[in-house]
Amino acid sequence: ATTAKEELKSKLAIEEWVDSYVWAAKQLAQLNQNRCNGGKTGIRYVLYKYNYTLPTVFLIRHAAELALKEAIKKGGHTPSNETHNLIKLWNSLMSQLPKNKTPNDRKIMKESLSFLQVLSHLDDDGTKVRYAIDKEGNYTHEKFEWVDCIRLSNTLSAFVTTLRSIDWTYVKATKAKEIKKE
């Protein structure tokens, strides 16, 4: 993005950041998976399996957040830099879309929301995979959880592709018609 024309820098910069986090998450997830292959069992398997889980989840979560903010901006709105809450960002994006949606659109939106809910369960505010202890002195991940980083990173790729496939010209025209009817 640093070599792009000035009018394209903003668009390309955020896309470059999202793509970088997606790629890094996929690579780290694969490295994580490769380390636990080879017959490791018991505690050794668990230690290897989750060696890279927190950094991978951080990359996945952060890429999802940036992708949501990218989509909100492409829709003509300014995403809130005050929130890192994926569900609030999702709701902001959904408010930009027309009320009438195809069954396939509804299905994709439901799957996307489900993905964001999984990420929010792991880290609802963007700090729990970065810090072991929160501001109140509580451990951020006291309970053991199985996390499939390969599946999460693949879902992230599909999520980003879906957001980037939104036809904002059509969306804005349809939304304008809906507002006119009200």
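What counts and how
Residues numbered from 1 in each chain as written. Predicted model: local features only at pLDDT ≥ 70, side-chain atom pairs only at ≥ 80, totals over all residues. Heavy atoms only, no water. Axes fitted to C-alpha atoms, helices over the stretch in contact; angles between N-to-C directions. Helix = DSSP H or I, 4+ residues; strand = E, 2+ residues; numbered from the N terminus. Parallel < 35°, antiparallel > 145°, perpendicular 65-115°, else oblique. Left-handed = near helix turned anticlockwise from the far one by under 90°. Contact = heavy atoms within 4.5 Å. Nonpolar A, V, L, I, M, F, W, Y, C, P; charged D, E, K, R; others polar. Expected span 1.5 Å × (residues − 1). Buried < 20%, exposed > 50% of the residue type's maximum accessible area, 1.4 Å probe, protein only. Arc of directions from axis to C-beta.

Asker: Whenever I open this one, the packing of helix 5 (residues 103-122) against helix 6 (residues 149-164) confuses me. Can you help?
Answerer: Each pair of packed helices gets described by two things: the angle between the helix axes and the distance between those axes. At a minimum axis separation of 11 Å, helix 5 and helix 6 run at an interaxial angle of 130°. As the angle between them shows, helix 5 and helix 6 are arranged oblique. For the element pair helix 5 and helix 6, the recorded crossing hand is left-handed. Seen from helix 5, the contacting residues are Ile108, Ser112, Phe115, Leu116, Val118, Leu119 and Leu122; seen from helix 6, they are Leu152, Thr155, Leu156, Phe159 and Thr162. Looking at the contact of helix 5 with helix 6 residue by residue, the class counts come to nine nonpolar, three polar and no charged.

Asker: Any chance you could explain helix 3 (residues 53-74) here in plain terms?
Answerer: Since one α-helical turn is 3.6 residues long, residues separated by three or four positions face the same way. Helix length check: helix 3, at 22 residues, gives a terminal C-alpha distance of 31 Å against a target of 32 Å (1.5 Å per residue), a fit within 8%. Taking burial as the measure, the 22 residues of helix 3 include 16 buried ones, the bulk of the element. At the C-terminal side of helix 3, glycine 76 shows a positive phi close to 95°.

Asker: Help me understand helix 5, please; the structure alone is not making it clear to me.
Answerer: For helix 5, with 20 residues, the first-to-last C-alpha span of 29 Å sits near the 28 Å given by 1.5 Å per residue. Every buried residue of helix 5 is accounted for by Met109, Ser112, Phe115, Leu116, Leu119, Ser120 and Leu122. The buried residues of helix 5 occupy an angular sector of 155° when the element is viewed end-on, so they sit on one face. The exposed set on the far side of helix 5, more than 90 degrees from its buried face, consists of Pro103, Lys110 and His121. Considering only its buried residues, helix 5 is in contact with helix 3, helix 4 (86-95) and helix 6.

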